[in-house]
Structures are given as C-alpha cells and as structure tokens.
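Chain residues, written in single-letter form:
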Amino acid sequence: MNQNARITDWMEGSRALQRDTIALRRAIHQEPELGLKTPKTLAKVKAALAGLPLRFRSGPSTSGLIAILEGAHPGRTVLLRGDMDALPMPEDTNVDFRSTISGAMHACGHDAHTAMLVSAAKLMCAQRDRLVGRVLFMFQPGEEGWHGARCMIEDGLLDDPAPDAAFAIHIAPNAPAGMLSSKAGPLLASADVIKIEVHGRGGHASMPHQALDPIPIACEIVTALQTLVTRHIDAFDPVVVTIAQIEAGSTNNVIPETARMVGTIRSVSEVARAKVHAGIIRVAENIARAHGAQASVEITTGFPVTVNDPRAVLLAERAITGLLGEQSWQTMQKPIMGAEDFSYVLQRVPGAMLMLGVCPDGQDWHTACPCHSNRMTLNESVLARGVAAHCAIAAHFLAEGLPAG
Ligand SMILES: [Zn+2]
Ligand SMILES: [Zn+2]
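The model shown is predicted, which means the values in this text are computed figures rather than measured ones.

### Concerning unusual backbone geometry
Then, in step 1: A cis geometry characterises the amide bond from aspartate 160 onward to proline 161, with omega recorded as 0°.
Then, in step 2: When you line up the elements, proline 161 lands in the loop between helix H5 (148-154) and strand E5 (165-172).
Then, in step 3: At histidine 147, a position not held by glycine, the phi torsion is positive, near 60°.
Then, in step 4: You can see histidine 147 is positioned in the loop between strand E4 (132-140) and H5.
Then, in step 5: Exposure remark for histidine 147: the relative accessible area of 14% places this residue in the buried category.

Structure, rendered in structure tokens:
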C-alpha cells in the first residue's frame, strides 16, 4: 500500500467512526471521574475496545490501561496517550450531555482525548495485517495534578514493552477548529508550589527591639526573590516566581511570631527550575539569618517541563500536513505556562504533545471559553481529525522512525 492510499484510509476511517467517537465522548462527559481511579470511564473504554486484537496491561496505583496492538510484523513500538480524568468544578454549559455528577466536569477535554484514542485504536486494529511494529494505547487517569502518568510508569507499565516514541494530542478551544500545532523543545511549563515560613519572636508592637519581627523580613524576602529571578536566571530561559499569599499578625499592637508565604514557580527548563529552587532556599534562609531569625522553605514539586523532541515534532508535522494539508499545521512561537504530566513520559521517551484547535462554530477562538472554564465547550466535528492524526503519526513512526535531527 502506498503512502497516499494509507493517508486516505485514516481520514475516511475516522469519519466513518465519527458517530462512535462523539457518542463515547458524550458518555464520558456525562459521568466525569476525578483522580487516579476512574473505573466507570475505564469500563466505557474497555467496552468500546471489546473484541479487538489487543492485549491489556494495568497496575495497582491507578485505573490506567495500556492496550497493546501487535502488528503482523515485528518492528518499532510507538505509544499514543489519552487522559481520562475530569476536574473538581461545576459545569455551567447548556449542552444536553452535561455532567450529571455535581462538582465534577470534563473542562480540559480529556473526555475527547479518550474517545479519540479509542477510535484510533479501532482504526489501527483494522490495519493490523499490514502493521509493522507495535502500538501502545495509554489510557491514563489522574492528569489534573495527580501525577497519573508517573504512577503508571512506576507500576512498570511503560517497561515491557517499552515504547521507542510517544505522542499525545490535547484539545485547545483557543485555536482555530481543526488546526494542529506544536513546537520543538519546551511546550508547557513546570509548576511547583513554594511555602516559606519566617520564625521570629512575638512581642509588643511599640517595643520591636524586644521582639524579633518576622514581617519586614518576609517583605525583604519577597522583593529579593524578584531580584533572584532577574539577576540569576537567563532572560531567554524564563522563570516566574509569584508570592500569591502572605499571612502574619492578628492586630495593630502585637508583633507576631511567624509570617507565612505561599506562591508558585513556573519554568520551561529543568536547568532554570533547579537554579531557582536552590536560589529561593538560599535567599530566604540567609535573609532571615541576617536579621537573627529563621526561615524554612518547602518546595512541593509539580509536573516537570513538557519537552518535545524536535525530531518527533518534525515527524508529526509531516504526517499531519500529508494528511490534512499545509494549512492545518502551525508551529507555535512560544510555550504555554500551563503544565502537563505527559512530561513524565517525554522524560523517558522521545516524543511530542500536539494541540488540536476545537473552537466551537460561530465563536472567535481568541475569546472562546478556555480549558478549565466552567463554560468550556468544544467543536466535536474536528475530533475525526484528531483520530486520523493519531493514526497517521503512529504509522509514520512505525514505517520510518524519527527523522534525522
Ligand atoms: Zn487540565
Ligand atoms: Zn488537560
């Protein structure tokens, strides 16, 4: 089969499955589940995959599933990922399949990701006889802050068989419907939480020399952290440090014993991330020490930076422009400061995450309700493109491997 025949097949096949893709997406949307265990969603996925020539692997930490398709001929292994979990928030859309679970909504499009991946699995299973290599379909819960991808990796689910490359597609309401986009290098930021506590000595506000006031020390630390960012971090490797909450004291004439601060750290490289972590501890502890007080710093690490392999992005671009035409691909100019736990997969395996524009009909993509909005809706008509893109990328990789970098 030549390349063109295969390309036509993927789009035709995904259009033929469009009804199923939408029906599954809506069923998942109506019954959103949170966290690392999404049993009802998993049951829907398994029911949709029933009868296909797939082998399954799962682990104890999550309800995640790896569905393995062995091609007729041995070759490379490619992983395609779809996440399954929703967000703890109300849904305020007026679609007739809106969430029936109060306080839970698929506002990040993971319902669509799962449905697209199921349809991609169906299409690729239909091509099994011609397939050289193996496809792993990774159905992952716990993306929204639960480190679901890391848990599945720790359960050994990416070890045997181990993928040679990995791809994921995330929907984007704030991009033209049907447009696929990505960029080489960092695509999404890391997101860490800082907590700083300054310990002084309480006393009378009129006699500060008999106390050790933690408040001016805390203020000095806030200011110094901004100097840390501008003087120690490469301006072309950006970092954001925001102290978003300060808490100290109870009234006008009492010096409190402690001051507490909470904030966020965003970075787009692990080098800058490590540097700013060490810098925050150094600055906070030593400013407190200079004043005879003590500061304790706690940094809770969130997801790592999502870094796309340039070769994998080039492969995706070729696969997608071959499938849908040049006008369907856009190279992103800068990363997004949000975070993704597909980053854990990309730390182990070269690959790429792509964005699929899903701006609803009749809306301006600049102002459409974004992911995580209680009013986020998506354009289901373009899900067929996502399905075909998954298949085309996987087929491209199995046939040719990553292009030379
Ligand atoms: Zn999200
Ligand atoms: Zn998401």
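### Quick look at the confidence of the model for the protein
Close inspection of predicted coordinates is inappropriate for parts of the model with low pLDDT.
Then, in step 1: The predicted model of the protein averages 96 in pLDDT, with 98% of residues at 70 or higher.
Then, in step 2: Ignoring residues within four places in sequence, the model shows residues 1-5, a span with pLDDT below 50, making five contacts including any to other chains.

### Quick look at the coordination of the zinc ion (ligand 1)
Then, in step 1: Donor atoms from the polypeptide that coordinate the zinc ion (ligand 1) comprise Cys108 (SG), Glu144 (OE), Glu144 (OE) and His372 (NE2), at 2.0 to 2.8 Å from the metal.
Then, in step 2: Because the angles between the four donor atoms bound to the zinc ion (ligand 1) fall within 52 to 150°, the donor set is best described as irregular.
Then, in step 3: Donor residues for the zinc ion (ligand 1) sit on one chain with the sequence pattern C-x35-E-x227-H.
Then, in step 4: Here the zinc ion (ligand 1) and the zinc ion (ligand 2) are spaced 3.3 Å apart, and both take cysteine 108 as a donor. On the criterion of sequence distance, the pair formed by cysteine 108 in the loop between strand E3 (73-83) and helix H4 (110-126) and glutamate 144 in the loop between E4 and H5 is long-range, its members being 36 residues apart.

### Digging into helix H8 (residues 310-324)
Then, in step 1: In this model, H8 (15 residues) spans 21 Å end to end at C-alpha, consistent with the 21 Å of a helix rising 1.5 Å per residue.
Then, in step 2: Taken as a whole, H8 has its buried residues at Ala312, Val313, Leu315, Ala316, Ala319, Ile320, Thr321, Leu323 and Leu324.
Then, in step 3: Remark: glycine 325 follows H8 within two positions and exhibits a positive phi of approximately 95°.

### Some thoughts on the pattern of salt bridges
Then, in step 1: Applying the stated criterion to the full structure yields 18 salt bridges.
Then, in step 2: A salt bridge links lysine 122 to aspartate 20; its shortest N-O distance comes to 3.5 Å. Taken together, the positions of lysine 122 in helix H4 and aspartate 20 in helix H2 (residues 18-30) put the pair 102 residues apart, joining distant regions of the chain.
Then, in step 3: Note that arginine 150 is salt-bridged to glutamate 154, the shortest N-O span being 3.6 Å. Of the two residues, arginine 150 and glutamate 154 both sit in helix H5, four residues apart, roughly one turn of that helix.
Then, in step 4: For glutamate 154, a relative accessible area of 58% gives the class exposed.
Then, in step 5: Here the salt bridges do not stand alone but share partners, grouping Arg25, Arg26, Asp111 and Glu380 into one network.

### Here we look at the packing of aromatic side chains
Then, in step 1: Going through the model one piece at a time under the given rule, you end up with one aromatic pair.
Then, in step 2: Where phenylalanine 303 meets tyrosine 344, the ring centres are 6.2 Å apart and the plane angle is 75°; that geometry is what we call edge-to-face. Separated by 41 residues along the polypeptide, phenylalanine 303 in the loop between strand E13 (294-300) and strand E14 (306-308) and tyrosine 344 in helix H9 (residues 342-348) bring together distant segments of the chain.
Then, in step 3: The exposure class of tyrosine 344 is buried, given its relative accessible area of 9%.

### Here's the deal with the environment of alanine 104
Then, in step 1: Within the secondary structure, alanine 104 is located in the loop between E3 and H4.
Then, in step 2: Residue alanine 104 is classed as buried on the basis of its relative accessible area of 4%.
Then, in step 3: Through-space distance from the C-alpha of alanine 104 to that of phenylalanine 397 is 37 Å; in sequence the pair is 293 residues apart.
Then, in step 4: Alanine 104 has contacts with Pro32, Leu34, Leu87, Met89 and Ser99, leaving out every residue within four places of it along the chain.

### Things to note about the nonpolar core
Then, in step 1: Trp10, Met124, Val135, Phe137, Phe139, Phe167 and Leu354 are the most contacted members of the largest nonpolar core, which has 67 residues in total.
Then, in step 2: By residue number, the principal contributor to this core is helix H10 (residues 383-400), which donates twelve residues.
Then, in step 3: Non-local contacts of leucine 354, meaning those with residues more than four positions away in its chain, are made with Ala168, Ile169, His170, Leu180, Ser181, Ser182, Ala316, Ile320, Trp329 and Ile393.

### Some details on the coordination of the zinc ion (ligand 2)
Six octahedral donors at a metal ideally form angles of 90 or 180 degrees, and four tetrahedral donors ideally form angles of 109.5 degrees.
Then, in step 1: On the protein side, the zinc ion (ligand 2) has Cys108 (SG), His110 (NE2) and His170 (NE2) as donor atoms, found 2.1 to 2.4 Å from it.
Then, in step 2: One chain supplies every donor for the zinc ion (ligand 2), spaced along it as C-x1-H-x59-H.
Then, in step 3: The buried category is assigned to histidine 170, whose relative accessible area is 7%.

### Here's the deal with the layout of surface pockets
Then, in step 1: Taken as a whole, the largest pocket encloses approximately 560 Å³ of empty space.
Then, in step 2: Residue lining of the largest pocket: 23 residues in total, with Cys108, Leu188, Gly338, Ala339 and His372 positioned closest to the centre.
Then, in step 3: Top element by residues in the lining of the largest pocket is E5. It accounts for three residues.
Then, in step 4: Of the pockets and cavities examined, the second largest pocket occupies roughly 300 Å³.
Then, in step 5: If you go around the second largest pocket, you meet 15 residues; those closest to its centre are Asn174, Ala175, Ser181, Met332 and Ile336.
Then, in step 6: Grouping the constituent residues of the lining of the second largest pocket by class yields nine nonpolar, five polar and one charged.

### Examining the packing of H4 against H10
Then, in step 1: Orientation of H4 relative to H10, taken along the N-to-C sense of each, is 50°, at an axis distance of 9 Å. The angle between H4 and H10 places the two elements in the oblique class. Between H4 and H10 lies a crossing whose hand is right-handed. Along the contact surface, H4 presents Ala112, Met116, Leu117, Ser119, Ala120, Leu123 and Met124, while H10 presents Leu383, Gly386, Val387, His390, Cys391, Ala394 and Ala395.
Then, in step 2: Broken down by class, the residue content of the contact of H4 with H10 amounts to eleven nonpolar, three polar and no charged.

Quick notes on the rules
- Residues numbered from 1 in each chain as written.
- Chains lettered and ligands numbered in written order.
- Predicted model: local features only at pLDDT ≥ 70, side-chain atom pairs only at ≥ 80, totals over all residues.
- Heavy atoms only, no water.
- Helix = DSSP H or I, 4+ residues; strand = E, 2+ residues; numbered from the N terminus.
- Buried < 20%, exposed > 50% of the residue type's maximum accessible area, 1.4 Å probe, protein only.
- pLDDT = per-residue confidence, 0-100.
- Contact = heavy atoms within 4.5 Å.
- Donors = N, O, S within 2.8 Å, 3.2 Å for Na, K, Ca; no water.
- Tetrahedral: all angles 85-135°; square planar, octahedral: opposite > 155°, others 65-115°.
- Expected span 1.5 Å × (residues − 1).
- Salt bridge = Lys/Arg side-chain N within 4 Å of Asp/Glu carboxyl O.
- Phe/Tyr/Trp six-rings, centres within 6.5 Å; stacked < 30°, edge-to-face > 60°.
- Core = buried A, V, L, I, M, F, W, Y, C linked by side-chain atoms within 4.5 Å.
- 1 Å grid on protein atoms, 1.4 Å probe; cavity = no way out; pocket = protein on both sides within 12 Å on 5 of 7 lines; lining within 4 Å.
- Points joined across faces, edges and corners; volume = space filled by probe spheres on them.
- Nonpolar A, V, L, I, M, F, W, Y, C, P; charged D, E, K, R; others polar.
- Axes fitted to C-alpha atoms, helices over the stretch in contact; angles between N-to-C directions.
- Parallel < 35°, antiparallel > 145°, perpendicular 65-115°, else oblique.
- Left-handed = near helix turned anticlockwise from the far one by under 90°.

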